[in-house]
Amino acid sequence: MRENLLKRLLEDNSTTINGWVSVDSPYLSEVLSYSGLNSVTVDLQHGMFGFGAAVGLLQGVSAGPATPMARCVTLDSATIGKLLDAGAYGIICPAIDTVEQARALVAACRYPPRGVRSFGPARGLLYGGSDYVTAADSTILSWAMIESVTALANLDEIVAVPGLSGVFVGPNDLALSLGERPGQWPLPATVWAALERIVSASHSAGIKAGIFCVDAESARALAELGFDLLTPGTDVSILRAAVEDRVAAIRDSAPRQGGGSGY
Ligand code: 3PY
Ligand code: MG
């Protein structure tokens, strides 16, 4: 099966960078894949497209060197299986709050007897290769999103779930759950303390820690905190920031305020 290059880098303890697709343009997802990112995630939860578009977006990512991943809308084994069938090499699943949900996520990413994934690899077979069914379980990455106080309360159990590749922090939802405003940088002290705990718990359990970031500066700081996979904003937030900076430079006006939520 085609190697999961993101997985190899993570196993080598490299700090990796992930792109985020939120618009329906296979061409743009291809451009992101050629932009030096280690992986590119097609976001079905908050991206402005549905499942049908996700297939073309994953094709766009896999035209370039970045590892294709997808964020599903919710913990649903049928949709997760379909995204894997469409060629995703990693699943980021929102709102994993309990150990049972984390176990269900891992099971959705694996074929029986280890999991519950149904057979029908479709595009996975084209992208992955003819030995897909025997190698998929050990190739695909599963990321449990930690984004609530409930998930924090259950963190030690969640990170210990066998087969889970890593946790992935949604700092905006986590901030809301902690009673804070999303999109702040520097992060409120309560959120920062939670992130320290998440990095430490996941590394102690031998798994990786990823996070969504508002921009490059925050991504650097979070890499220093120990995160292994950084997502420095969405395609749209990066484009908008670049355009606003150019407009300000041409007009010689004040640079943009920044401090967005990464969206
Ligand atoms: C969050 O910050 O809550 C996210 O889910 C990032 O996409
Ligand atoms: Mg979220």
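What comes next concerns the included structure. Worth saying up front: this structure is predicted, and the values here are computed from it rather than measured.

## Quick look at the overall build of the protein
Regarding its fold elements, the protein presents 13 helices and 8 strands. The C-alpha radius of gyration computed for the protein amounts to 18 Å, which stays within 12% of the reference 18 Å derived for 263 residues, consistent with globular compactness. With respect to the principal axes defined by its C-alpha atoms, the protein has extents near 60 × 40 × 30 Å. For the protein, buried positions account for 52% of its 263 residues. At a minimum sequence separation of 6, the contacts of the protein that also span at least 24 residues come to 64%. For the protein, the accessible surface area stands at approximately 11500 Å², while carbon and sulfur atoms represent 55% of it. Across the protein, the centroid of the 18 positively charged side chains sits 4 Å from that of the 26 negatively charged ones.

## A closer look at the site of ligand 1
Close to ligand 1 lie Trp20, Arg71, Met145, Glu147, Gly170, Pro171, Asn172, Asp173, Phe212 and Tyr263, which account for all nearby residues. For ligand 1, the accessible surface in isolation is 230 Å², of which the surrounding protein chains cover 99%. When residues in the shell around ligand 1 are grouped by element, the largest group, 3 residues, is from helix α10 (residues 171-177). Taken together, the residues of the shell around ligand 1 sort by class into 5 nonpolar, 2 polar and 3 charged.

## Concerning the coordination of the magnesium ion (ligand 2)
Protein coordination at the magnesium ion (ligand 2): the donors are Glu147 (OE) and Asp173 (OD), at 2.1 to 2.2 Å from the metal. Taken together, the residues Glu147 in the loop between β5 (141-146) and α8 (149-153) and Asp173 in helix α10 connect sequence positions 26 residues apart. Given the relative accessible area of 33%, Asp173 is considered partly exposed.

## Let's talk about the sheet that holds β5
Pairing is parallel around the closed barrel formed by 8 strands, whose spatial order is β1-β2-β3-β4-β5-β6-β7-β8. Averaged over neighbouring strand pairs, the angle between their axes works out to 25° when direction is ignored. Alignment of strand β2 (residues 39-43) against strand β3 (residues 67-71), held across 5 bridges, turns out to be parallel. Among the inter-strand pairings, Thr41 is bridged to a residue of β3, identified as Met69. Lying on the sheet, helix α5 (residues 99-108) is in contact with β4 (90-93) and β5; it crosses β5 at an angle near 155°.

## Some thoughts on the pattern of salt bridges
Considering all chains together, one arrives at 6 salt bridges under this definition. Between Asp43 and Arg71 there is a salt bridge whose closest N-O contact spans 2.7 Å. Pair noted here: Asp43 is in strand β2 and Arg71 is in strand β3, with a separation of 28 residues, a long-range link. Across the pair, Arg71 and Asp43 agree in class, each one buried.

## A closer look at the side chain of Asp85
You can see Asp85 is positioned in helix α4 (residues 77-85). For Asp85, the side chain forms a polar contact with the side chain of Arg117, separated by 2.8 Å. If sequence neighbours within four positions are ignored, Asp85 has contacts with Arg117, Gly120, Pro121, Ala122, Arg123 and Gly124.

## Focus: the packing of helix α2 (residues 26-33) against helix α3 (residues 51-62)
Running from N to C, α2 and α3 cross one another at 30°; their axes reach a closest spacing of 7 Å. By the angle between their directions, the pair α2 and α3 is classed as roughly parallel. For the pair α2 and α3, the sense of crossing is right-handed. Where α2 abuts α3, its residues Pro26, Ser29, Glu30 and Ser33 lie against Gly56, Leu57, Gly60 and Val61. Looking at the contact of α2 with α3 residue by residue, the classes come out as 3 nonpolar, 4 polar and 1 charged.

## Brief notes about the nonpolar core
Within the largest apolar cluster, 62 residues are counted, with the highest numbers of intra-cluster contacts made by Ile91, Leu195 and Phe227. No other element matches the 6 residues that helix α11 (residues 189-204) contributes to this core. Beyond its immediate sequence surroundings of up to four residues, Ile91 is in contact with Ala70, Cys72, Ile80, Leu83, Leu84, Leu105, Cys109, Leu141, Ser142 and Trp143. Of all hydrophobic cores here, the second largest spans 11 residues; its members include Leu6, Leu141, Trp143 and Phe168.

## Digging into the pairing of β3
Look at any regular strand and the pattern is simple: side chains alternate between the two faces of the sheet. When you tally the buried positions in β3, you get 5 out of 5 residues, the bulk of the element. A two-sided burial pattern is seen for β3, the buried positions comprising Thr67, Met69 and Arg71 on one face and Pro68 and Ala70 on the other. As a crossover connection, the stretch from β2 through α3 into β3 is right-handed. Pairing analysis gives 2 bridges linking β3 to β4, with the strands arranged parallel. Bridge pairing links Ala70 to Ile91 in β4. Considered for its hand, the β-α-β crossover made up of β3, α4 and β4 is right-handed.

Scoring rules and cut-offs
- Residues numbered from 1 in each chain as written.
- Chains lettered and ligands numbered in written order.
- Predicted model: local features only at pLDDT ≥ 70, side-chain atom pairs only at ≥ 80, totals over all residues.
- Heavy atoms only, no water.
- Helix = DSSP H or I, 4+ residues; strand = E, 2+ residues; numbered from the N terminus.
- Rg over C-alpha atoms; globule rule 2.2 N^0.38 Å.
- Buried < 20%, exposed > 50% of the residue type's maximum accessible area, 1.4 Å probe, protein only.
- Contact = heavy atoms within 4.5 Å.
- Areas by Shrake-Rupley, 256 points an atom, 1.4 Å probe, with all protein chains shown as cover.
- Lys, Arg positive; Asp, Glu negative; His and termini not counted.
- Charge placed at Lys NZ, Arg CZ, Asp CG, Glu CD.
- Near = heavy atom within 4 Å.
- Nonpolar A, V, L, I, M, F, W, Y, C, P; charged D, E, K, R; others polar.
- Donors = N, O, S within 2.8 Å, 3.2 Å for Na, K, Ca; no water.
- Pairing = 2+ DSSP bridges.
- Axes fitted to C-alpha atoms, helices over the stretch in contact; angles between N-to-C directions.
- Salt bridge = Lys/Arg side-chain N within 4 Å of Asp/Glu carboxyl O.
- Polar contact = N/O pair within 3.5 Å; in protein donor to acceptor, adjacent residues only side chain to side chain.
- Parallel < 35°, antiparallel > 145°, perpendicular 65-115°, else oblique.
- Left-handed = near helix turned anticlockwise from the far one by under 90°.
- Core = buried A, V, L, I, M, F, W, Y, C linked by side-chain atoms within 4.5 Å.
- Right-handed = clockwise from strand over helix to strand, strands pointing away.

That is the geometry; function is a separate question.
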